[in-house]
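# Breakdown of the fold
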Amino acid sequence: MTAAGDGPWLDDAAGRLVRPFTVSNGRTKPSIALDLMSQVMATGVTPLGYLGPEHAQALDLCRAPVSVAEVAAHLKLPAVVTKVLLSDLVDCGALTTKPPVFHHNPTDRSLLEAVLDGLRRQL
């Protein structure tokens, strides 16, 4: 069993013992618009006050530009909870964000078919 300050509480059989919505204090809406492909990066500003261990973990993951989806995967948290955590860090100046840049049409039929074909080959 880990102590309260030792990161997320996990149990090998049960998984996370702290519900994800408690990590975001029950909030389900981030204060800024973040896309799953938005890039976030640490600014070097130290957040004032206590934000929580998940905030610190997210900030550590953002030393180099990383997508919101990648941060959520590494934290093993739902995307909406991760967006709330990241928006907290943006609000206090610890993170900067930029929207995804598309060099193509993300809903292009040929692109979607190529992705689907690649996924089928993996299965």
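Rules and cut-offs
- Residue positions are given per chain, counting from 1 as you read along its sequence in written order.
- For this predicted model, a pLDDT threshold of at least 70 governs which residues receive local features, and a threshold of 80 or more governs which side-chain atom pairs are given and counted, while totals over whole chains, interfaces and linings are taken from all residues.
- To get the side-chain values, take all heavy atoms of the structure and skip hydrogens and water.
- DSSP bridges decide pairing: two strands pair if at least two such bridges lie between them.
- Note on conventions: DSSP H or I runs of at least 4 residues are helices, E runs of at least 2 residues are strands, and numbering of each starts at the N terminus.
- The predictor attaches a confidence to each residue, called pLDDT, with possible values from 0 through 100.
- Contacts are residue-level and defined by heavy atoms, with any inter-residue pair within 4.5 Å sufficient.
- Inter-axis angles, ranging from 0 to 180 degrees, are taken between N-to-C directions of lines fitted to C-alpha atoms, where helices are fitted over the stretch in contact.
- We call two directions roughly parallel when the angle between them is under 35 degrees, roughly antiparallel when it is over 145, roughly perpendicular when it lies between 65 and 115, and oblique otherwise.
- Three classes are used: nonpolar for Ala, Val, Leu, Ile, Met, Phe, Trp, Tyr, Cys and Pro, charged for Asp, Glu, Lys and Arg, and polar for all others, with Gly counted as polar.
- Here, a salt bridge means any Lys or Arg side-chain nitrogen found within 4 Å of an Asp or Glu carboxyl oxygen.
- Think of it in three bands: residues with accessible area under 20% of the maximum for their type are buried, residues over 50% are exposed, and the middle band is partly exposed, with areas taken using a 1.4 Å probe on protein chains only.

One open sheet holds the three strands; their spatial order is 4-3-5, and the pairing between them is antiparallel. Edge positions in the sheet fall to strand 4 (66-67) and strand 5 (95-98), since each has one partner strand and no second. In this structure, strand 3 (residues 39-42) lies alongside strand 5, joined through four bridges in antiparallel fashion. Across the sheet, Gln 39 pairs through a bridge with Lys 98, a residue of strand 5.

Across the protein chain, pLDDT averages 79, with 73% of residues at or above 70. Summarising per-element confidence for the protein chain, the mean pLDDT is lowest in strand 2 (residues 15-16) (50) and highest in strand 3 (94). Of the regions scoring below 50 in pLDDT, residues 1-7 engages in six contacts with residues more than four places distant in sequence or in other chains.

One can describe the packing of helix 2 (residues 53-61) onto helix 4 (residues 79-91) by two numbers: an axis separation of 10 Å at closest approach and a directional angle of 75°. As far as their axial angle goes, helix 4 and helix 2 are roughly perpendicular. For the pair helix 2 and helix 4, contact is made by Glu 54, His 55, Ala 58 and Leu 59 and by Leu 85, Leu 86, Asp 88 and Leu 89, respectively. Residues of the contact of helix 2 with helix 4, tallied by class, amount to five nonpolar, one polar and two charged.

Further remarks concern the pairing of strand 3. As paired strands, strand 3 and strand 4 are joined by two bridges and run antiparallel to one another. Within strand 4, the position partnered with Val 40 by the bridge is Val 66.

Per the stated rule, a full pass over the model turns up three salt bridges. A salt bridge links Glu 113 to Arg 109; the nearest nitrogen and oxygen atoms lie 3.0 Å apart. Of this pair, Glu 113 and Arg 109 both sit in helix 5 (residues 109-122), separated by four residues, roughly a single helical turn. Residue Arg 109 is classed as exposed on the basis of its relative accessible area, which comes to 64%. A salt bridge links Arg 120 to Asp 117; the nearest nitrogen and oxygen atoms lie 3.9 Å apart. You can see Arg 120 and its partner Asp 117 sitting in helix 5, three residues apart, about one turn around the helix. By relative accessible area, which is 55% here, Arg 120 ends up exposed. The partly exposed category is assigned to Asp 117, whose relative accessible area is 38%.

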